[in-house]
Amino acid sequence: MIKPSIAVTRVVNSCVLLELDGHVVLTDPWFTQRWWLRRGEPLGLRLQDLPPLAAIVVTNLATNHWDLRALRSLPAKESTPLYVPTSGMARRARALGFLRAERLGWGRSRDIAPGVSMRVVPSGRTLVWPNNAYVFDSAGGRVFFGGEIAEVAPLERYRAEQPSVDLALLPVNGLRPPLGPRMVMGPKQAVAGSSVLGARVLVPVHDAHGDDLLSRLFRTSGNASDAVRLAGPDLLVTDLPTGERWELPC
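Residues numbered from 1 in each chain as written. Predicted model: local features only at pLDDT ≥ 70, side-chain atom pairs only at ≥ 80, totals over all residues. Heavy atoms only, no water.

Student: How do you make sense of the sheet that holds strand S4 (residues 55-57) when you look at a structure like this?
Tutor: The strands that make up a sheet pair up through hydrogen bonds in the backbone, lying either parallel or antiparallel. In space, the seven strands of this open sheet follow the order S6-S5-S4-S3-S2-S1-S14, with mixed pairing throughout. What marks the edges here is a single partner per strand, and that holds for strand S6 (101-103) and strand S14 (245-247). Strand after strand, the sheet turns through a mean of 20° between neighbouring axes, direction not considered. Of the strand pairs in this sheet, strand S3 (residues 23-27) and S4 are connected by three bridges, and their pairing is parallel. Residue pairing in the sheet places Val25 in a bridge with Ala55 of S4. Strand contacts of helix H2 (residues 87-95): strand S5 (82-84) and S6, with the helix running at about 175° to S6, the strand carrying the most contacts. (Pairing = 2+ DSSP bridges. Helix = DSSP H or I, 4+ residues; strand = E, 2+ residues; numbered from the N terminus. Axes fitted to C-alpha atoms, helices over the stretch in contact; angles between N-to-C directions. Contact = heavy atoms within 4.5 Å.)

Student: Help me understand the layout of surface pockets, please; the structure alone is not making it clear to me.
Tutor: Take a probe with the size of a water molecule and roll it over the atoms, and the empty space left behind shows itself. For the largest pocket, the calculated volume is near 360 Å³. Partitioned by chemical class, the residues of the lining of the largest pocket number eleven nonpolar, nine polar and five charged. (1 Å grid on protein atoms, 1.4 Å probe; cavity = no way out; pocket = protein on both sides within 12 Å on 5 of 7 lines; lining within 4 Å. Points joined across faces, edges and corners; volume = space filled by probe spheres on them. Nonpolar A, V, L, I, M, F, W, Y, C, P; charged D, E, K, R; others polar.)

Student: Got a minute to help me understand the environment of Ala90 in this structure?
Tutor: Position of Ala90 relative to the elements: it lies in helix H2. Residue classification places Ala90 among the buried residues on the basis of a relative accessible area of 2%. For the pair Ala90 and Arg72, spaced 18 residues apart in sequence, the C-alpha separation works out to 13 Å. Residues contacting Ala90, with those up to four places away along its chain left out, are Val84, Ala101, Glu102 and Arg103. (Buried < 20%, exposed > 50% of the residue type's maximum accessible area, 1.4 Å probe, protein only.)

Student: Just checking my understanding: could you explain the side chain of Asp67 for this structure?
Tutor: Here Asp67 is to be found in the loop between S4 and helix H1 (68-71). Ignoring sequence-local partners within four residues, the contact set of Asp67 consists of Pro29, Trp30, Phe31, Thr32 and Arg34.

Student: Is there a simple way to explain the side chain of Thr27 in this structure?
Tutor: Counting through the fold element by element, Thr27 comes out in strand S3. Looking at Thr27, its side chain comes within polar contact range of the main-chain oxygen of Ser14, at 2.9 Å. (Polar contact = N/O pair within 3.5 Å; in protein donor to acceptor, adjacent residues only side chain to side chain.)

Student: How should I be thinking about the environment of Phe31 in this particular structure?
Tutor: Looking at the element boundaries, Phe31 is found in the loop between S3 and S4. Distance from Phe31 to Leu45, taken between C-alpha atoms, is 8.4 Å for residues 14 residues apart in sequence. In this view, Phe31 contacts Val11, Cys15, Leu26, Arg39, Leu43, Leu45, Arg46, Leu47, Leu50, Asp67 and Ala70; residues no more than four positions away in its chain are not counted.

Written out as structure tokens, the structure reads:
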């Protein structure tokens, strides 16, 4: 019998290996850099080192959340469920061999493994494209993943109808374009959002910022260390280095 447990390994940016009672989900895959888009932190796992996956979930179509160039080399594409926010993304994934690629809209849910379910949470837009967040429910606990969520309000709407979570994975670098609103949460919003969700632990994602062409345009306004400093006594902020596996305390 598999012991109920939740474990997290940060790969890079919002790409996370999430273990739910032994079933592994990959979020926002990003394994290959571009000349105009660099990681700003070490790659925690290579694509070929991934274990068998129960599912892949994607928040939006930005390259550092949706690395199709790398995914074409993933083993077992035909049998791995892949959930994305738009029909166009699903078509492109199926053309690469992901026969179980599916657009999953806000409010939809799926059973992704025995005893593990997933629900899509409305989380606004990233610039002009739709953005998903995901909640995973298992015997080991409940996990909220918002790889590129920008505001606390969607979390407040979620909590008005749904139970609290044990673990929140939220962005912290407050990335902002030259003009327009913030694209992702900063540390203040991540800490506030975790509290709204009722989470006892926050694992920051979307923290590092590479030295590249886009970094000269898009600026950050915080990091995981700021979230640690801002958190109150009821919230543990775990600043997880890439490649390091961490298990949620019982």
